[in-house]
Amino acid sequence: MRSSPVASELLRIPDATHRYRKRRQFLDKMAEVLILCFASIAMAIILLIFVYVGREALPLFWETNDGANISSSFAPPVVWQPVSTNPRYNVIPLVLGTLKVTLIAMLFATPLALGAALYTSEFAPVRIREWIKPAIELLAGIPSVVMGFFALIVLASWLQAQLGLSFRLNALNAGIALALAIIPIIYTVSEDALNAVPQHYREASLALGASKVQTAVRVVFPAAMPGIGAAMILGFGRAIGETMIVLMASGGAAIVSLSPFDSTRTMSATIAAELGEVVFGGGHYRILFFIGSLLFVITSLLNWIGDRYNRRMRLKLFGAE
Amino acid sequence: MKAIDRSVVFLCGAATVLILVMLAVILGNITFHGVERLSAEFLTQPPRQGMTAGGIFPAIYGTVLLVLLMSIAAVPFGVIVAIYFAEYAKRESRFYRWTRMAVNNLAGVPSIVFGLFGLGFFVHGIGKALDQGIYDGRLMLGQPSILWAAMTMAVLTLPVVIITVEETMRAVPREYREASLALGATRLQTILRVVLPQSWSGVMTGAILAVSRGAGEVARVLFTGAAYFLPRLPTRANDQFMQLGYHIWVLATQSPDVEATKPILYSTVLVLLALTFLLNVTAMVIRKRMRTWAAR
């Protein structure tokens with residue numbers, strides 16, 4: 001007897017479906033493994049950065065190359081003179097220069113950014129608020145080379161004319177330009193923190209008869225304090241590593257001076273200015289990678305602390321991350 | 001309202017206004033001086049006479065090529081990592097916490113350190129190794145070039161892509177996934193056919209933001225392949241290239257005659273600024289649309 005095609009079809013389908021399912025499940029498993037691999041690579045990159053930047057600096061610890069080794073970068077005399085017959089690689093003037101410019105930037109940026117954040121989240125009418133936030137996001141979109149250009153060509157001349165300075169390019173000029181670059185970070189993170197404070201905190205305070213300003217300053221601001229701390233730390237980290245602005249606007253003299261009106265050289269600007277001219281694998285080359293490793297470690301630490309603060313605030317306000 | 005209250009509000013308002021005024025001064029100054037030299041010829045001609053005449057076409061070309069190469073590397077990679085974060089990751093697992101921390105940290109690494117990494121890893125590491133392996137030690141890839149610059153840039157823009165895409169994927173309602181799984185689709189099918197198509201706006205925004213950051217970035221291409229001046233356009237992966245941000249830096253600091261280059265410098269800055277702003281505003285608009293769509 002001839003079996004009907006319909007019956008055989010009926011018999012075959014479960015088999016095919018089974019194989020199809022098996023194949024799908026296999027593909028599914030493969031995809032998951034692949035995705036995990038990519039996530040691991042993303043994690044590995046940060047290690048690779050540390051390894052490949054650190055690797056070029058590491059020989060400084062056991063050999064002296066063109067008079068450069070690990071102790072020479074901190075030992076007196078405190079001068080950075082990489083290009084001379086008797087080169088001196090003391091990084092302290094660069095560290096001090098970096099700190100000076102960064103502190104000036106923080107001094108300008110913090111009050112402005114926090115004031116603006118408080119205004120946008122607590123006092124401004126909704127319609128104005130919707131304009132302020134995109135505007136400050138635009139400020140964040142200005143490339144740092146453009147900010148450096150502006151400081152170099154326009155701001156420096158204006159400052160010199162206003163204050164009667166002897167040097168056009170100095171730490172103050174770079175600091176102000178740097179402040180403009182970090183204002184958006186401090187503003188965005190602290191505004192987020194202020195917004196995250198639950199509404200009932202405000203309602204409770206207002207119900208007790210506190211004014212809107214008292215509520216903002218004594219209730220909302222303290223509650224958002226860890227987030228605001230995080231904002232300042234993240235801004236600080238960004239300012240330390242910022243390169244093009246200080247390279248163009250700070251003047252670039254590696255001298256030890258506390259005056260904001262002196263020409264200054266920072267760690268990041270030194271790398272940018274000098275790496276193009278050094279001998280591959282030489283002492284100067286290694287010292288520059290050493291400075292890069294220092295920058296990497298410092299900024300990573302600051303980011304990590306900033307993250308912690310942010311998480312702590314969410315824990316405090318919501319009992320969860 | 002008491003006087004002290006009013007002065008607090010006034011000070012906070014003044015801080016906001018001061019920031020906005022500074023933004024306006026920067027934009028106004030650059031636009032005012034920049035439009036003078038702007039012309040079709042400026043956008044399509046190479047620089048002439050020691051960069052005191054001509055245009056910036058090679059820099060525009062190099063920038064576009066750079067961000068294209070960068071996106072090809074960064075966007076697919078970023079999307080896959082975002083899929084992990086949004087769909088596969090278990091929040092309490094240690095692996096999730098570490099990858100999350102690594103990606104956050106990546107966003108905060110100074111650009112100059114990325115430049116050093118690009119030189120150490122891509123140029124001297126991978127490039128040199130490939131030269132040894134494939135080209136019998138001839139110098140082909142072991143030198144700064146547009147390929148390595150784009151790769152270095154891709155590593156930097158990765159966090160931007162990951163965070164934006166992940167955000168949109170999380171906004172896709174849970175019911176969509178459940179419906180798809182209930183119909184017998186596997187997890188991978190659900191992600192590829194349901195979640196990802198709903199997240200295209202996020203992928204777009206991520207790519208646009210990455211490109212806008214890549215276009216103006218200088219510190220990262222400083223040692224990995226940008227050139228002061230090139231007589232011809234880059235055609236191969238190991239060619240050097242000119243780039244808008246780098247060109248601005250060169251014009252502003254290395255020019256033999258600052259006054260003569262100033263108009264060109266201003267116009268170049270204006271072009272770069274217009275490009276990044278256009279990209280940023282596009283990203284902002286897409287994002288806003290996406291939010292209203294998700295809230296609906």
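Residues numbered from 1 in each chain as written. Chains lettered and ligands numbered in written order. Predicted model: local features only at pLDDT ≥ 70, side-chain atom pairs only at ≥ 80, totals over all residues.

> How would you sum up the overall build of chain B? Please name residues and give values.
Broken down by element type, chain B carries 11 helices and 2 strands. N-terminal to C-terminal, the α/β element order of chain B is α-α-β-β-α-α-α-α-α-α-α-α-α. Overall, chain B is about 75 × 70 × 35 Å in size when its C-alpha atoms are taken along their principal axes. Across the 296 residues of chain B, 48% fall into the buried class. Long-range pairs, those at least 24 residues apart, make up 76% of the contacts in chain B with a sequence separation of at least 6. (Helix = DSSP H or I, 4+ residues; strand = E, 2+ residues; numbered from the N terminus. Buried ≥ 20, exposed ≤ 12 C-beta atoms within 10 Å, placed from the backbone. Contact = placed C-beta atoms within 7 Å.)

> Kindly report on the overall build of chain A, identifying the contributing residues and their values.
Summing up its helical and strand segments, chain A has 11 helices and 2 strands in all. Along the chain direction, N to C, the helices and strands of chain A fall in the order α-β-β-α-α-α-α-α-α-α-α-α-α. The globule rule puts the C-alpha radius of gyration for 321 residues at 20 Å, and the 28 Å found for chain A is more than 25% above it. Across the 321 residues that make up chain A, the buried fraction comes to 47%. Residue pairs in contact within chain A that sit at least 24 positions apart in sequence constitute 73% of those at least 6 positions apart. (Rg over C-alpha atoms; globule rule 2.2 N^0.38 Å.)

> Break down the nonpolar core for me, citing the residues and quoting the values.
Considering soluble globular proteins, one finds that nonpolar side chains tend to be buried as a cluster. Ranked by size, the top nonpolar core spans 187 residues in total, and within it A:Ala151, A:Ala177, A:Leu178, A:Ile183 and A:Ile245 carry the most contacts. Leaving out residues up to four positions away in the same chain, A:Ala177 has contacts with A:Met147, A:Gly148, A:Phe150, A:Ala151, A:Leu155, A:Ile245 and A:Ala249. (Core = buried A, V, L, I, M, F, W, Y, C linked by C-beta atoms within 7 Å.)

> Quick one: what's the story with the domain arrangement of chain B, residue by residue and with numbers?
Interfaces are often sized by the amount of accessible area the parts lose when they come together. All names here are of chain B. The assigned domain composition of chain B is domain 1 (1-34) and domain 2 (42-295). Spacing between the C-alpha centres of domain 1 and domain 2 amounts to 33 Å. With 4 residues of domain 1 in contact, the opposing surface of domain 2 contributes 5 residues. For the side of domain 1 that touches domain 2, the class distribution of residues is 1 nonpolar, 3 polar and no charged. (Domains from an automatic or database assignment. Nonpolar A, V, L, I, M, F, W, Y, C, P; charged D, E, K, R; others polar.)

> Explain the confidence of the model for chain B to me, and be specific about the residues and the numbers.
Per-residue confidence for chain B gives a mean pLDDT of 86, with 97% of residues at or over 70. Within chain B, the lowest mean pLDDT, 76, falls on strand β2 (residues 53-54) of chain B, and the highest, 93, falls on helix α1 (residues 3-34) of chain B. (pLDDT = per-residue confidence, 0-100.)

> Any chance you could break down the packing of helix α3 (residues 57-88) of chain B against helix α9 (residues 200-216) of chain B for me, citing the residues and the numbers?
The relative placement of two packed helices is expressed as an angle between their axes plus a distance between the axes. Residue and element names in this part refer to chain B. At their nearest, the axes of α3 and α9 sit 9 Å apart, and the two run at 140° to each other. As far as their axial angle goes, α9 and α3 are oblique. Crossing hand, α3 versus α9: right-handed. Along the contact surface, α3 presents Thr 63, Leu 66, Val 67, Met 70, Ser 71, Ala 74, Val 75, Gly 78 and Val 79, while α9 presents Val 203, Gly 206, Ala 207, Ala 210, Val 211, Gly 214 and Ala 215. In the contact of α3 with α9, the residues fall into 11 nonpolar, 5 polar and no charged. (Axes fitted to C-alpha atoms, helices over the stretch in contact; angles between N-to-C directions. Parallel < 35°, antiparallel > 145°, perpendicular 65-115°, else oblique. Left-handed = near helix turned anticlockwise from the far one by under 90°.)

> So what about the domain arrangement of chain A? Which residues, and what values?
Residue and element names in this part refer to chain A. The assigned domain composition of chain A is domain 1 (5-61) and domain 2 (80-318). Computed over C-alpha atoms, the centres of domain 1 and domain 2 are 41 Å apart. Across the contact, 8 residues belong to domain 1 and 6 residues belong to domain 2. Counted by class, the side of domain 1 that touches domain 2 contains 6 nonpolar, 1 polar and 1 charged residues.

> For the interface of chain A and chain B, give the residues involved together with the corresponding values.
Residue-level contacts link 67 residues of chain A with 64 residues of chain B. No other element matches helix α1 (residues 5-57) of chain A, which puts 20 residues into the side of chain A that touches chain B.

> Please provide a residue-by-residue account of the environment of B:Pro46, values included.
For B:Pro46, the location among the structural elements is in the loop between α2 (40-44) and β1 (47-48). Sequence-distant contacts of B:Pro46, defined by excluding residues within four places in its chain, comprise B:Gly54, B:Gly55, B:Phe57 and B:Pro58.

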